[in-house]
Amino acid sequence: MSYYDPKDLRKFGNITDWSEELGTKFFDYYGKVFEEGALTAREKSLIALAVAHTEQCPYCIDAYTKDGLQRGVTKEEMMEAVHVGAAIKSGATLVHGVMMMNKVNKLDG
């Protein structure tokens, strides 16, 4: 048995049950973010898919894979977006190595 149950994604709306005001505000914000704007809904879906992978959220990966397919995103575009997210995540990890190098140089100094 997995900790993540794909059926739980359908229960996401229930977060308002125990905190109606905050849950409603979140869903209002979430809906606004994904409206067409300077970025298309298709572009936002690809961004969401990449972030879903860097955040390692299986629910979001499922949701934005399906959403992307419905918006005409190709499997090649999806994989490229995942690689962009992976590159940023690994680069962000590695650039912190400079902090370690600075600390080592200070301590060795």
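Turning to the layout of surface pockets, a few remarks are in order. In this structure, the largest pocket encloses a volume near 420 Å³. As for the largest pocket, its lining consists of 18 residues, and the residues nearest its centre are Leu-9, Phe-12, Tyr-30, Cys-60 and Tyr-64. Listed by contribution, the elements that provide at least two residues to the lining of the largest pocket are α2 (41-54) and α3 (58-70). Along the lines of polarity and charge, the residues of the lining of the largest pocket split into 12 nonpolar, one polar and five charged.

Chain-level statistics for the protein give a pLDDT mean of 95 and a share of 99% at 70 or above. Taking the mean pLDDT of every element in the protein, the minimum, 94, falls on helix α5 (residues 97-108) and the maximum, 98, on α2.

Okay, α2 next. Helix length check: α2, at 14 residues, gives a terminal C-alpha distance of 20 Å against a target of 20 Å (1.5 Å per residue), a fit within 8%. Among the residues of α2, those classed as buried are Ala-41, Lys-44, Ser-45, Leu-46, Ala-48, Leu-49, Ala-50, Ala-52 and Thr-54. Just downstream of α2, Gln-56 is the residue with a positive phi angle, here 55°.

Along the chain, Thr-54 turns up in helix α2. A polar contact of 3.0 Å, which involves the side chain of Thr-54, links it to the backbone oxygen of Val-51. Excluding residues within four positions of it along the chain, Thr-54 makes contact with Gly-85, Ala-86 and Lys-89.

Our next topic: the packing of aromatic side chains. Under the counting rule described, the total for this entry stands at eight aromatic pairs. Ring geometry for Phe-12 versus Phe-26: centroids 5.9 Å apart, planes at 70°, classification edge-to-face. One end of the pair, Phe-12, is in the segment before α1 (20-33); the other, Phe-26, is in helix α1, and 14 residues separate them in sequence. Geometrically, the ring pair formed by Tyr-30 and Phe-34 is tilted, given 5.0 Å between the ring centres and 45° between the ring planes. When its relative accessible area of 29% is taken as the criterion, Tyr-30 is described as partly exposed. What makes Phe-34 partly exposed here is its relative accessible area of 26%. These aromatic residues form a ring-pair network of at least three members: Phe-12, Phe-26, Phe-27, Tyr-30, Phe-34 and Tyr-64.

Relative to the assigned elements, Glu-77 resides in helix α4 (residues 75-95). Residue Glu-77 is classed as partly exposed on the basis of its relative accessible area of 29%. As for Glu-77 and Pro-58, which are separated by 19 residues in sequence, their C-alpha atoms are 19 Å apart. Leaving out residues up to four positions away in the same chain, Glu-77 has contacts with Arg-42, Leu-46 and Gly-72. A distance of 2.5 Å separates polar atoms of two side chains, one belonging to Glu-77 and the other to Arg-42.

This part takes up unusual backbone geometry. Positive phi is not limited to glycine here, since Gln-56 has a value of about 55°. Checked against the element boundaries, Gln-56 lands in the loop between α2 and α3.

Quick notes on the rules
- Along each chain, residue indices are assigned from 1 in the same order as the chain's sequence is written.
- Reporting in this predicted model follows two pLDDT cut-offs: at least 70 for local features of residues, and 80 or more for side-chain atom pairs to be given and counted; totals over whole chains, interfaces and linings ignore these cut-offs and use all residues.
- Side-chain measures were taken over the full set of non-hydrogen atoms in the model, leaving aside hydrogen atoms and water.
- Cavity and pocket criteria rest on a 1 Å grid covering protein atoms alone: a 1.4 Å probe that fits but cannot get out defines a cavity, protein on both sides within 12 Å along at least 5 of 7 lines defines an open pocket, and an atom within 4 Å of a point defines a lining residue.
- Grid points are joined across faces, edges and corners, and a volume is the space filled by probe spheres set on the points.
- Strands here are runs of E lasting at least two residues and helices are runs of H or I lasting at least four, both read from the DSSP assignment and numbered beginning at the N terminus.
- Each residue is assigned to one of three groups, with Ala, Val, Leu, Ile, Met, Phe, Trp, Tyr, Cys and Pro labelled nonpolar, Asp, Glu, Lys and Arg labelled charged, and all others, Gly among them, labelled polar.
- Residue-level confidence of the predictor is summarised by pLDDT, bounded by 0 at the bottom and 100 at the top.
- Given a helix with a known number of residues, its expected span is that number minus one, times 1.5 Å.
- For every residue, the accessible area obtained with a 1.4 Å probe (protein chains only) is divided by the maximum for its type, and the residue is called buried under 20%, exposed over 50%, and partly exposed between those limits.
- By the criterion applied in these results, polar contacts are pairs of N or O atoms within 3.5 Å in which, for protein atoms, one can donate a hydrogen and the other can accept it, and in which residues neighboring in sequence qualify only through two side-chain atoms.
- The contact criterion used is simple: two residues touch if any of their non-hydrogen atoms lie within 4.5 Å.
- In this scheme Phe, Tyr and Trp rings, the latter by its six-membered ring, pair at centre separations within 6.5 Å, and the angle between planes marks the pair as stacked below 30 degrees, edge-to-face above 60, and tilted otherwise.

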